[in-house]
There are 2 protein chains.
Amino acid sequence: MRDLLVSAAFELFTEYGYDGTTIDDIVHRAGVGRRSFFRYFPTKEEVVFPDHERALAEMIGFLEEGAQDPDPVGRACAAARLVMRMYAEKAEFSVKRYALTRKVPALKTHETSVVRRYERALASYLRRRFATLQDGDLRACTIAASVVAAHNYGLRAWLSSGAGGDASIVVDQALDLVHRTWGDKAETMIMVARTDTPAWQIIQQLDTLREGGTGYRFA
Amino acid sequence: MRDLLVSAAFELFTEYGYDGTTIDDIVHRAGVGRRSFFRYFPTKEEVVFPDHERALAEMIGFLEEGAQDPDPVGRACAAARLVMRMYAEKAEFSVKRYALTRKVPALKTHETSVVRRYERALASYLRRRFATLQDGDLRACTIAASVVAAHNYGLRAWLSSGAGGDASIVVDQALDLVHRTWGDKAETMIMVARTDTPAWQIIQQLDTLREGGTGYRFA
């Protein structure tokens, strides 16, 4: 029933435009009553984005499971991939919607508000993970914005090419920049040793250094 | 006349709420005709954000002048400061507006669209500056989003504290994180020399190394 309403709506949007189609037109085409429409979609905008609520719930669940993930920025990037996957699952529908959203300001506005909700979910996860950092809140906000911007950049590139290739490749490349830039960075370490130092001693020394032991560490 | 309309509007918004005030009410209170209102403000939303067009034009001009700036990320951060300054110039008005915008969804939507325009101006500058980088477009989008997120984080902190302290301190601290993270990073260099090496030779060696000459450079 839900899918029926979505495809009826998109047929009509293509024929008569978004503004030229009423909810009555949609339920008439789908052969159901008005109340069925409102059972699934609170507004006409929602029928254009039928899967965001599910994706958002999935994202939140995935982030909650990652409360101990040693790499919070990586987790946030992986959470953003869930949104990409939702688009990729219905590539043809996503391309049609992309064209429609670019033309209709009300849909653009609705989409912006959905994006903000993803961003807030990511920021709220990162805020919890960075609770002990002095600039944790700022960092959480800024990284969440970076993740969303990079994800959307990759997704747009894929959609505007007609969703030809593999969405995950372009989106992963984009997210990788954010991960490398904001993730924990390794430091440079220098070890000075005599040529006759036994290997086990060098390894022991390296471990001490890695764990922040004696030795010089350069940020 | 313009300022008169803005203050009449804010008086009425405080007394009757945003939705409870019409454009007719505003022109009546200001003692001018309807046409005067529309000469300055295309919509009722615009009277709430009377200075954004000016700030946006200033930002674009500042970015255009920075076409040769050796530090594009720093330039983008400095451009964002112009927006903060616009808020700080009228601190009391900014705090009132902040409270109003949080309550009225139509204003929130309008503000989001203004923020997107700042972000696009920053991205478009960075895109030009990163034209030779393979991932220049992605980098431009993502850094612009980071700058805007950090700027807004600082601005919100200042506004929600009642605009008590110096806006530029909190906003600069926030932007500094973005600048440090996305700006050009120095590499670590290691020089090995005998204790009897003359100083001039060490300096010469350092210069060669800095310019990418022979020697080990660690990213």
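The rules behind the values
Residues numbered from 1 in each chain as written. Chains lettered and ligands numbered in written order. Predicted model: local features only at pLDDT ≥ 70, side-chain atom pairs only at ≥ 80, totals over all residues. Heavy atoms only, no water. UniProt positions renumbered as here; feature names shortened; annotations may be inferred. Helix = DSSP H or I, 4+ residues; strand = E, 2+ residues; numbered from the N terminus. Axes fitted to C-alpha atoms, helices over the stretch in contact; angles between N-to-C directions. Parallel < 35°, antiparallel > 145°, perpendicular 65-115°, else oblique. Contact = heavy atoms within 4.5 Å. Nonpolar A, V, L, I, M, F, W, Y, C, P; charged D, E, K, R; others polar. Buried area = accessible area lost by both parts, 1.4 Å probe. Salt bridge = Lys/Arg side-chain N within 4 Å of Asp/Glu carboxyl O. Polar contact = N/O pair within 3.5 Å; in protein donor to acceptor, adjacent residues only side chain to side chain. Phe/Tyr/Trp six-rings, centres within 6.5 Å; stacked < 30°, edge-to-face > 60°. Buried < 20%, exposed > 50% of the residue type's maximum accessible area, 1.4 Å probe, protein only. Lys NZ or Arg CZ within 6 Å of the ring centre and 35° of its normal. Left-handed = near helix turned anticlockwise from the far one by under 90°.

Chain A appears in an unreviewed UniProt entry as TetR family transcriptional regulator from Streptomyces doudnae.

Visitor: Hey, could you run me through the UniProt feature "domain: HTH tetR-type" (unreviewed entry) in chain A in this one?
Guide: In the numbering adopted here, UniProt assigns the feature "domain: HTH tetR-type" (unreviewed entry) to residues 1-59 of chain A. Across residues 1-59 of chain A one finds 64% helix and 0% strand; the C-alpha atoms that close the span lie 25 Å apart.

Visitor: I tried to follow the packing of helix α4 (residues 52-65) of chain A against helix α7 (residues 105-129) of chain A on my own but got confused; where do I start?
Guide: When two helices pack together, their arrangement is given by the angle between their axes and by how far apart the axes lie. Residues and elements named next belong to chain A. Where α4 meets α7, the axes come as close as 10 Å, and the angle between the chain directions of the two elements is 5 degrees. Considering the angle they form, α4 stands roughly parallel to α7. Of the residues in α7, those in contact with His52, Glu53, Ala55, Leu56, Met59, Ile60 and Leu63 of α4 are Val114, Arg117, Tyr118, Ala121, Leu122 and Tyr125. Here the contact of α4 with α7 is composed, by residue class, of 10 nonpolar, 1 polar and 2 charged.

Visitor: Sorry, what's going on with the interface of chain A and chain B here?
Guide: Many descriptions give the size of an interface as the accessible area lost when the pieces come together. Across the contact, 23 residues belong to chain A and 23 residues belong to chain B. Taken over both partners, the interface formed by chain A and chain B buries close to 1,900 Å², and the fraction arising from carbon and sulfur atoms is 78%. For chain A, the biggest contributors to the area lost against chain B are A:Leu138, A:Tyr153 and A:Leu177; these three give 29% of the whole. Where chain A touches chain B, the interface holds 0 salt bridges. Between chain A and chain B we count 1 residue pair in polar contact (both at pLDDT 80 or more) in total.

Visitor: Sorry, what's going on with the packing of aromatic side chains here?
Guide: Given two aromatic rings, their pairing is described by the distance between the two centres and the angle made by the two planes. Counted under the stated rule, the structure contains 13 aromatic pairs over all chains. For the ring pair A:Phe37 and A:Phe41, a centre distance of 5.5 Å and an interplane angle of 55 degrees mean the geometry is tilted. Taken individually, A:Phe37 and A:Phe41 each receive the classification buried, so the pair is uniform in this respect. Ring geometry for B:Tyr40 versus B:Phe41: centroids 6.3 Å apart, planes at 50 degrees, classification tilted. The structure contains a cluster of three or more aromatic residues connected by ring pairs, namely A:Phe10, A:Phe13, A:Tyr18 and A:Phe93. The ring of A:Phe62 has A:Arg75 sitting right over it, with the charged end atom 3.9 Å from the ring centre. Here the guanidinium or amino end of B:Lys44 rests over the ring plane of B:Tyr18, the centre of that ring lying 4.2 Å away.

Visitor: Would you take a moment to explain the packing of helix α5 (residues 72-89) of chain A against α7(A) for this structure?
Guide: All names here are of chain A. Where α5 meets α7, the axes come as close as 10 Å, and the angle between the chain directions of the two elements is 155 degrees. One way to sum up the angle between α5 and α7 is to call them roughly antiparallel. With respect to the hand of their crossing, α5 and α7 are arranged in right-handed fashion. Contacts between α5 and α7 involve Pro72, Val73, Arg75, Ala76, Ala79, Val83, Met86 and Tyr87 from the former and Glu111, Tyr118, Leu122, Tyr125, Leu126 and Arg129 from the latter. Taken together, the residues of the contact of α5 with α7 sort by class into 11 nonpolar, no polar and 3 charged.

Visitor: What is the right way to read the side chain of A:Asp51 from this model?
Guide: Residue and element names in this part refer to chain A. Relative to the elements of secondary structure, aspartate 51 occurs in the loop between α3 (34-40) and α4. Using a relative accessible area of 9% as the deciding quantity, one classes aspartate 51 as buried. Among the polar contacts listed, one links the side chain of aspartate 51 to the side chain of lysine 90, at a separation of 3.0 Å. Ignoring anything within four residues of it in the chain, the contact list for aspartate 51 reads Arg2, Met86 and Lys90.

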